[in-house]
Amino acid sequence: DVSSPKHGKVDPDNMPHVGGNMWAGGTGGRDTAGLGGKGGPYRLDAGHRVYQVSEAEKDAVPEEVKRAAREMGEKAFKRRLKEIQMSEYDASTYERFSGAVRRQVQSLRIILDNLQ
């Protein structure tokens with residue numbers, strides 16, 4: 001069961017963590033920042049294969065946990081914008097322009113990675 005969202009512990013060795021309720025950047029777990037899990041406050045990619053929990057499990061997360069996770073994610077987003085000296089307007093403008101070329105940038109990254 002989910003209880004309350006949190007960032008989670010950071011693994012200094014960046015080992016892949018699947019499931020559980022402890023590690024930041026894990027996949028398929030609960031309550032912590034990561035990918036493919038449920039009840040976490042925000043997405044956090046540590047570069048590992050993503051294991052996805054089912055939509056039914058995600059839908060079963062209580063509303064108060066979803067609300068707390070959204071609030072925590074919003075605070076983290078605003079804190080990050082402040083760190084990089086960016087306003088919410090700047091962020092939405094950046095996202096609009098970035099989204100328009102996202103596919104092309106990804107293709108270019110693949111080409112450059114293969115050239116290396």
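Quick caveat: nothing in here was measured; it's all calculated off a predicted structure.

Criteria and thresholds
Residues numbered from 1 in each chain as written. Predicted model: local features only at pLDDT ≥ 70, side-chain atom pairs only at ≥ 80, totals over all residues. Heavy atoms only, no water. Helix = DSSP H or I, 4+ residues; strand = E, 2+ residues; numbered from the N terminus. Buried < 20%, exposed > 50% of the residue type's maximum accessible area, 1.4 Å probe, protein only. Contact = heavy atoms within 4.5 Å. Areas by Shrake-Rupley, 256 points an atom, 1.4 Å probe, with all protein chains shown as cover. Lys, Arg positive; Asp, Glu negative; His and termini not counted. Charge placed at Lys NZ, Arg CZ, Asp CG, Glu CD. Domains from an automatic or database assignment.

### Section: the overall build of the chain
Of the regular secondary structure elements, the chain holds three helices and two strands. Taken from N to C terminus, the helices and strands of the chain fall in the order β-β-α-α-α. Taken over the C-alpha atoms alone, the chain extends approximately 45 × 35 × 30 Å along its principal axes. Counting across all 116 residues of the chain, residues that qualify as buried make up 24%. By sequence separation, contacts in the chain at least 24 residues apart represent 36% of the contacts at least 6 residues apart. Accessible surface, the chain: about 8,600 Å² in total, of which carbon and sulfur atoms supply 53%. Here the chain contributes 19 positively and 17 negatively charged side chains, and the mean placements of these two sets differ by 2 Å.

### Thoughts on the side chain of T27
In this structure, T27 sits in strand β1 (residues 26-27). Exposure remark for T27: the relative accessible area of 3% places this residue in the buried category. Apart from the residues within four sequence positions on either side, T27 is in contact with H17, V18, G19, L35, R49, V50 and Y51.

### Observations concerning the domain arrangement of the chain
How large an interface is tends to be reported as the accessible area lost when its parts come together. Partitioning the chain into structural domains gives domain 1 (1-85) and domain 2 (87-115). Distance between the C-alpha centres of domain 1 and domain 2: 23 Å.

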